[in-house]
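Chain residues, written in single-letter form:
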Amino acid sequence: MINSTVFRWFLCIPLLSSCIDEPHTPANTYRNNFESLWQIIDRQYCFLDEKNIDWDSVYTVYNARLAQDTVSELVFFDAMAEMLAGLKDRHVNLLSSFDRSRYWNFFTDYPSNFNSSLVYSDRYLGKNYRLAGALRYQRIAGDSVGYLYYPSFGDGFSDSNMRYVMKYFENCRGLIIDVRNNGGGSADLSTHFASYFFDKDTVNLYLRHKQGPGHSALSDPVGMPLKAHPNLQWRRPVIVLANRSSYSATNLFIARMKDAPNARIQGDRSGGGGGMPSSNELPNGWMVRFSSSPMYDAALRSIEGGIEPDVKVVLEAGDVAKGEDTLIEEGVRRILNKE
C-alpha cells in the first residue's frame, strides 16, 4: 500500500513540471525572423567594427522594408540575403530548404588570374599528371622545377602522398605550389600542408573569440601553433601562386606560408575569409552561418581581407594566347634565377 503522503507528492509532479519555464521560441513571423537574424549578427558576428559597418542603420533600413507580413517568402529571403551581403563575407550564408545565400563580390571585382585550360595543358600538368591524394603534380621547365596544383583543401592527402611528391621532385631546383581557385576546406589540412615547408615550430596565426554581445568584445589573441613536420621538410625554394579565389582555409595556408623560410607568395591578393564560422537557427528553421572568431597573422594583422603577395603578377592575355601561364612562368624564372 502506497503511503498517502507519498501518493500526494506524486500527484504534484505534473503540476511542478508545468511550472518550469520552457525556452522561449519566438513565433514564426517575418518580424520575428528579421529581429532574430539582425540580433544574431549584432551580438555574435566578429567583424562589424573592423569593417566599419553601422549595423543599427542596417536595422532601420530593413525594418522599414520587412517588418510586415505582406511579402512572399521568396521576397523575404532575398531581402535578408541582401542585408547579409552588406557584411561582404563569404562565410556568411542564409540557408533555407529552397536556397542558400552567398556573397560573390569578394572576387568578381578582381581579375581571375587563372585559366584551367593552361594548367592542364601539356606545358604544365598535361593529361598524364601524377595524382597523390588530392595533390596533382608534374615536373616542368625541362624537369628542373616541380609544379603541384592543389584544387581544394576539402580533399585530403597523407604523409605517404607527400613523401612520393618530394621524391619525384628531388632533383628539381624548386617547387611551385598552385592554390589559385582553391576555395578552402579543412583548416587542419592547410596547417598540415604548410608544416612540410618549415624547419622549426612556429606560431604565426592567432585567434580571438567573442566574449559578449559588444561588437569589440573579443578575447586576447590565442596562438595557433604550427609544428614543423619531423620527417618531411622541403628545404629548397617554393613559390605559392594565389589569386582572389584562394579563400578560407587556403587563405590560412597562404598566411602560414608567408613565414616559411624559403617561400614566396606570388600572384594576387588572396580572397580572405579569416573568421572561423558558427551557425544559429531562426524561428522559421532557416540557418544562418557567420564569422564568429577572427584570425590574425604573425604581426597580429587581420587576415579577413586577404593576404597581399610578395610579388604581384597578373595573367597576361598575350601569354595566354601563346599557351603560357604568366604566373607559372614567372615562378619558374625566379626559381631558376635564384631570385
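Worth saying up front: this structure is predicted, and the values here are computed from it rather than measured.

Q: Could you give me a rundown of the overall build of the chain, with the residues and numbers involved?
A: Along its length, the chain carries 11 helices and 12 strands. Computed over C-alpha atoms, the radius of gyration of the chain comes to 26 Å, more than 25% over the 20 Å expected from 2.2 N^0.38 for 339 residues, which places it beyond the range of a compact globule. Referenced to the eigenvectors of the C-alpha coordinate spread, the extents of the chain come out at roughly 90 × 55 × 40 Å. When each of the 339 residues of the chain is scored for burial, the buried share is 46%. Across the chain, the fraction of contacts at a sequence separation of at least 24, relative to all contacts at a separation of at least 6, is 72%. Put simply, the chain shows about 16600 Å² of open surface, and 50% of that area lies on carbon and sulfur atoms. Positive and negative charge centroids in the chain, built from 36 and 39 side chains respectively, lie 7 Å apart.

Q: Describe the packing of aromatic side chains, listing the residues and the values that go with them.
A: Under the criterion given, the structure shown has 26 aromatic pairs. Between the aromatic rings of W38 and Y59, the centroid separation amounts to 5.0 Å while the plane-to-plane angle is 70 degrees, which identifies the pairing as edge-to-face. Highlighted residues: W38 in helix α2 (residues 30–44) and Y59 in helix α3 (residues 55–66), separated in sequence by 21 residues. Between the aromatic rings of F153 and F253, the centroid separation amounts to 5.7 Å while the plane-to-plane angle is 50 degrees, which identifies the pairing as tilted. Here F153, found in the loop between β4 (145–149) and α7 (159–168), pairs with F253, found in helix α9 (residues 249–257); they are 100 residues apart in sequence, far enough to count as distant. For the pair F153 and F253, a shared accessibility class is recorded, and that class is buried. Positioned above the aromatic ring of Y247 is the side chain of R90, whose terminal nitrogen or guanidinium carbon lies 5.1 Å from the ring centre.

Q: Break down α2 for me, with residues and values.
A: Under the 1.5 Å per step criterion, the end-to-end length of α2 is 21 Å for 15 residues, consistent within 8% with the ideal 21 Å. For α2, the full list of buried residues reads Y30, N33, F34, E35, S36, L37, W38, I40, I41 and D42. Those residues of α2 that are buried lie in contact with α3, α4 (73–85), β10 (275–281) and β11 (287–296).

Q: Just give me the short version of unusual backbone geometry, but keep the residues and values in it.
A: In the Ramachandran plot, L300 falls in the positive-phi region, its phi being about 60 degrees despite a non-glycine side chain. As for its placement among the helices and strands, L300 is situated in the loop between β11 and β12 (311–312). Even without glycine at this site, K338 takes up a positive phi of about 55 degrees. Looking at the secondary structure, you find K338 in the segment after α11 (326–336).

Q: Help me get a handle on the sheet that holds strand β9 (residues 263–267), residues and values and all.
A: The strand order across the open sheet built from seven strands is β2-β3-β4-β5-β8-β9-β12, with neighbouring strands paired in mixed fashion. Of all the strands in the sheet, the pair left with one neighbour each is β2 (130–132) and β12. Each of β5 (174–178), β8 (238–242) and β9 touches α9; the most contacted strand, β8, lies at about 145 degrees to it. Here α11 sits on the sheet in contact with β3 (135–140), β4, β5, β8, β9 and β12, set at roughly 160 degrees to β5.

Q: I'd like a description of the pattern of salt bridges, backed by residues and values.
A: When their charged atoms lie close together, side chains carrying opposite charge are able to pair. Evaluated as defined, the whole model comprises 21 salt bridges. A salt bridge links E330 to R333; the shortest N-O distance between them is 2.7 Å. Taken together, the residues E330 and R333, both in helix α11 and three residues apart, mark about one turn of the helix. Using a relative accessible area of 18% as the deciding quantity, one classes E330 as buried. Since its relative accessible area comes to 33%, R333 is described here as partly exposed. In the salt-bridge network here, residues are joined through shared partners; they are E330, R333, R334 and E339.

Q: Describe the nonpolar core, and please don't skip the residues or the numbers.
A: Among the nonpolar cores identified, the biggest contains 44 residues, and Y150, F193, F197, F253 and M257 are the most heavily contacted of them. For this core, the secondary structure elements donating two or more residues are β3, α7, β5, α8 (187–194), β6 (202–207), β8, α9 and β9. For this core, the element with the highest residue contribution is α9, accounting for six residues. Those residues in contact with F193 that sit more than four places away from it in its chain are L135, L148, Y150, F153, F157, M162, I177 and F253. If you look at the next biggest cluster of nonpolar residues, it comprises 31 residues, including I40, F47, L94 and L282.

Quick notes on the rules
- Residues numbered from 1 in each chain as written.
- Predicted model: local features only at pLDDT ≥ 70, side-chain atom pairs only at ≥ 80, totals over all residues.
- Heavy atoms only, no water.
- Helix = DSSP H or I, 4+ residues; strand = E, 2+ residues; numbered from the N terminus.
- Rg over C-alpha atoms; globule rule 2.2 N^0.38 Å.
- Buried < 20%, exposed > 50% of the residue type's maximum accessible area, 1.4 Å probe, protein only.
- Contact = heavy atoms within 4.5 Å.
- Areas by Shrake-Rupley, 256 points an atom, 1.4 Å probe, with all protein chains shown as cover.
- Lys, Arg positive; Asp, Glu negative; His and termini not counted.
- Charge placed at Lys NZ, Arg CZ, Asp CG, Glu CD.
- Phe/Tyr/Trp six-rings, centres within 6.5 Å; stacked < 30°, edge-to-face > 60°.
- Lys NZ or Arg CZ within 6 Å of the ring centre and 35° of its normal.
- Expected span 1.5 Å × (residues − 1).
- Pairing = 2+ DSSP bridges.
- Axes fitted to C-alpha atoms, helices over the stretch in contact; angles between N-to-C directions.
- Salt bridge = Lys/Arg side-chain N within 4 Å of Asp/Glu carboxyl O.
- Core = buried A, V, L, I, M, F, W, Y, C linked by side-chain atoms within 4.5 Å.

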